[in-house]
Amino acid sequence: MTQKPRSHITLVPFGGLGNRLKAISAGIRLARQTHSDIDIYWVVDNGLACRFDQLFLPIDTDGVRLIEATADDLKRWDRPRRKNFYRPYLYMLSHGVRMFANVQSEDEIDRCFADGKTHNVWISSCVYFPDKDHVPVDAYDIFHPKAEIQAEIDRIARDFGDNTVGVHVRRTDNAGSIQGSKTEDFLECMELQQANTRFYLATDEEEIKNLMRGEFGDRIISMDAEACRSTADGIRNAVVEMYVLSRTCRIFGSHRSTFSAASACIGRIPYEATDASTADKLEPSAPVATKILTIIVSYNFMPWIDRCLGSLIHSQTPTDIMVIDNCSKDETVAEIERRYPQVMLVRNSENLGFGRANNIGMCYAIDHGYDAVLLLNQDAWIDADALGRLAEASRRHPRYGILSPIHLTGSGDKIEHGFAVYSGVQSKDSQPEAPLVQVPFIDAAIWYMPVAALKRVGLFAPIYKHYGEDKDLANRMAYHHYRIGFLPRVYGSHAREERKVTHDAFIHSEFVYHLSQETNPNEKYKHIHRINHLALWKKELMAIITLQWWRLGRFVRIWRQLKDLQGEIEKTRSESCNVDINNYR
């Protein structure tokens, strides 16, 4: 009896390492289901610059041939594209081969084999096409690293235990990973782990390794060698990292990265595609902050003293209180000494300004082992539950360097105007549903900050004498991968509506804006310096055109001030990047 000829599948997997392994596993599964033979052509290209046989042992499965593609093979079986003049398409068409390019689903192929006839099929894919969203746990069991690679995997992972967590941060060539998995997302998840947790870090960017080592010290384990697609050694290192990650107890991986998911699948371990919501699923290991110092900088504090200090005294979460008085001319000092003996009072002989005075309190908090500080304006106060809610949110989200409640007006019936501008919240009835909302900036009327963040980011920069120090510190939070956020339905009040904005104050705000641009460490100095000065020249030109000579004089003065401060600006930028708390004392 003549045996029916078997169908034949030609598979060309493409993409990176994880993509190709998934596609190969899917192709072999399809061949088994359809009783077909399968030839798999492994192409060395810019996506993966290494032969299969330099990475893995031969696949020991009947009917499966893995072929290292030659130039002649590519003329026949490569993906038809403009660069090969679609020559493979013509070859396969002339030989009766059914083509399925860039396959994402098995449905169309299933219909091809449903008639029970013998078929000659060509497939290209970079996914596990039977179900690209659900790869079976045994999908990678057919792959076995070469002996020397396996020895390196065993060497690195030999001391791993239940406290070793894998972290895969992909940065150089995957826009989805970069946008979906921020560096802050990884840092936050790592900070929520137990203090004895060690991390195996796999990344394609040296800057990430340096950052993580700076944050976690010797708790970070990583390869010294570079993992990149463009060299055979780089791909071999990638295989090592994939299998070492699989030996950890869980993986925090990169969004839309098959590498992370493949490692978890190989090891049968839990896997999270890390994003801003991942931390919400984790139980914090750290206790809630119990030692909090509230810092109030006062100058003629009397109109608000009872509401401000009273809100702290009646807070459901206890806090130590420090008032730093900037040489008030009213009865502030005497009133605190007489009626509020529990308050630590610092009396300055001159007005040091908001930033320098707050630095006194923050240095005290650092030196005396406080967990967090609450910076509270003298014309602000908080609800009884606000401090506890801020402390709990900080425990659950340690990568938020600044947290704030909703800022109401002094009357408590409206959203304070400045807060509405920065947060987008226009009324108490239109607040976000999320328990915590990230924003680029909130003014420093009510700031809750973990001391751990202050140690890494620094305090208010001395270059700012009055105003602008909060914007600068917010910029530095971003530079050091900390976030800023507010808690909906948690309230404080800021009686800012009573302030009158003078013309001089408006002009000073212009100077402060341009200064904060120049000191921003997130921007290249030469680039932002040039843009800043072009903006000032534009404003000067408009003043000339409109014959507003007084305005021209103001902008010229701002330009001169910035020029005179250039040396101090460069010093501030350096101190922002290389933090030493002593620079702020």
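Note that this is a predicted model, so its numbers are computed, not measured.

Undergrad: Mind showing me how you'd approach the sheet that holds strand β6 (residues 164-169) here?
TA: Sheet strands pair by backbone hydrogen bonding; their relative direction is either parallel or antiparallel. Spatially, five strands are ordered β8-β7-β6-β9-β10 in an open sheet, and the strand pairing comes out parallel. Single-partner strands in this sheet number two, and they are β8 (220-221) and β10 (271-273). Two elements, strand β9 (residues 251-253) and β10, share three bridges in a ladder whose sense is parallel. In the strand pairing of β10, Ile 251 is matched with Tyr 271.

Undergrad: Help me understand the side chain of Thr 274, please; the structure alone is not making it clear to me.
TA: Relative to the helices and strands, Thr 274 is located in the loop between β10 and β11 (292-298). Residues in contact with Thr 274, not counting those within four places in the same chain, are Gly 180, Ser 181, Asp 185, Phe 186, Cys 189, Phe 252, Gly 253 and His 255.

Undergrad: What is the right way to read the pattern of salt bridges from this model?
TA: Pairs can form between side chains of opposite charge once their charged atoms are near each other. Under the definition given, this model contains 32 salt bridges. In this structure, Arg 339 engages Glu 335 in a salt bridge whose closest nitrogen and oxygen atoms are separated by 2.8 Å. Of this pair, Arg 339 and Glu 335 both sit in helix α12 (residues 332-339), four residues apart, roughly one helical turn. Shared partners join several salt bridges into a network, and the residues in it are Glu 191, Glu 215, Arg 399 and Arg 456.

Undergrad: How should I be thinking about the side chain of Glu 184 in this particular structure?
TA: Within the secondary structure, Glu 184 sits in helix α7 (residues 183-191). As a buried residue without a salt bridge, Glu 184 has its nearest oppositely charged side chain in Arg 483, at a separation of 4.9 Å. Excluding residues that lie within four positions of it along the chain, Glu 184 makes contacts with Arg 399, His 481, Tyr 482 and Arg 483.

Undergrad: Just checking my understanding: could you explain the nonpolar core for this structure?
TA: If you look at soluble globular proteins, the nonpolar side chains tend to sit buried side by side. Grouped together as the largest cluster of nonpolar side chains are 59 residues, with contacts concentrated most on Leu 17, Leu 55, Phe 56, Ile 123, Phe 143 and Tyr 200. A per-element tally of this core places helix α9 (residues 232-245) first, with eight residues. Apart from the residues within four sequence positions on either side, Phe 56 is in contact with Leu 17, Leu 21, Phe 143, His 144, Pro 145, Lys 146, Val 239 and Tyr 243. Among the nonpolar cores identified, the runner-up in size contains 43 residues, and Ile 324, Val 437, Ile 442 and Ile 581 belong to it.

Undergrad: What's the story with helix α19 (residues 525-545) in this structure? I'm lost.
TA: Residue pairs spaced three or four apart in an α-helix point in one direction, given the helix's 3.6 residues per turn. For α19, with 21 residues, the first-to-last C-alpha span of 30 Å sits near the 30 Å given by 1.5 Å per residue. The set of residues buried in α19 consists of Tyr 525, Ile 528, Asn 532, His 533, Leu 536, Glu 540 and Ala 543. In an axial view of α19, the angular spread of the buried residues amounts to 130 degrees, which keeps them on one side of the axis. Away from the buried face of α19 by more than 90 degrees, exposed residues Lys 526, Lys 538 and Ile 545 are located. Phi turns positive one or two residues past the end of α19, at Leu 547, with a value near 60 degrees.

Undergrad: It is not clear to me how empty space enclosed by the protein should be interpreted in this structure. Could you clarify?
TA: Gaps left between atoms are located by rolling a probe of water-molecule size over the structure's atoms. Across all of its chains, the model carries one cavity of 30 Å³ or more by this definition. Estimated volume of the largest cavity: approximately 30 Å³. Around the largest cavity, the lining residues are Ala 461, Pro 462, Asp 472, Arg 476, Thr 572, Glu 575, Ser 576 and Tyr 584. Looking at the lining of the largest cavity, the elements with two or more residues in it are α17 (469-479) and α21 (566-577). A total of three residues in the lining of the largest cavity trace back to one element, the largest contributor, which is α21. Here the lining of the largest cavity is composed, by residue class, of three nonpolar, two polar and three charged.

Undergrad: What should I look at first to understand the packing of aromatic side chains in this one?
TA: Here the distance between the centres and the angle between the planes together describe a pair of aromatic rings. Scanning the model with the defined rule gives 14 aromatic pairs in all. Arranged with centres 5.5 Å apart and planes meeting at 85 degrees, the rings of Trp 77 and Tyr 91 form a pair that is edge-to-face. Linking Trp 77 in helix α2 (residues 71-77) with Tyr 91 in helix α3 (residues 87-94), this pair joins segments that are 14 residues apart in sequence. Taking the centre distance of 5.3 Å and the plane angle of 80 degrees together, the rings of Phe 419 and Phe 486 count as edge-to-face. One end of the pair, Phe 419, is in helix α15 (residues 417-423); the other, Phe 486, is in strand β19 (residues 483-494), with 67 residues separating them in the sequence. For Phe 419, a relative accessible area of 1% puts it in the buried group. Phe 486 sits in the buried class, given a relative accessible area of 0%. Three or more aromatic residues joined by ring pairs make a cluster, and in this case those are Trp 42, Phe 52, Phe 56, Phe 143 and Tyr 243. When the ring centre of Phe 14 is taken as origin, the NZ or CZ atom of Arg 79, which lies over that ring, is 4.0 Å away. Here the guanidinium or amino end of Lys 428 rests over the ring plane of Tyr 491, the centre of that ring lying 5.1 Å away.

Quick notes on the rules
Residues numbered from 1 in each chain as written. Predicted model: local features only at pLDDT ≥ 70, side-chain atom pairs only at ≥ 80, totals over all residues. Heavy atoms only, no water. Pairing = 2+ DSSP bridges. Helix = DSSP H or I, 4+ residues; strand = E, 2+ residues; numbered from the N terminus. Contact = heavy atoms within 4.5 Å. Salt bridge = Lys/Arg side-chain N within 4 Å of Asp/Glu carboxyl O. Buried < 20%, exposed > 50% of the residue type's maximum accessible area, 1.4 Å probe, protein only. Lys, Arg positive; Asp, Glu negative; His and termini not counted. Core = buried A, V, L, I, M, F, W, Y, C linked by side-chain atoms within 4.5 Å. Expected span 1.5 Å × (residues − 1). Arc of directions from axis to C-beta. 1 Å grid on protein atoms, 1.4 Å probe; cavity = no way out; pocket = protein on both sides within 12 Å on 5 of 7 lines; lining within 4 Å. Points joined across faces, edges and corners; volume = space filled by probe spheres on them. Nonpolar A, V, L, I, M, F, W, Y, C, P; charged D, E, K, R; others polar. Phe/Tyr/Trp six-rings, centres within 6.5 Å; stacked < 30°, edge-to-face > 60°. Lys NZ or Arg CZ within 6 Å of the ring centre and 35° of its normal.

From the geometry alone we can't say anything about function, so treat these as descriptive.
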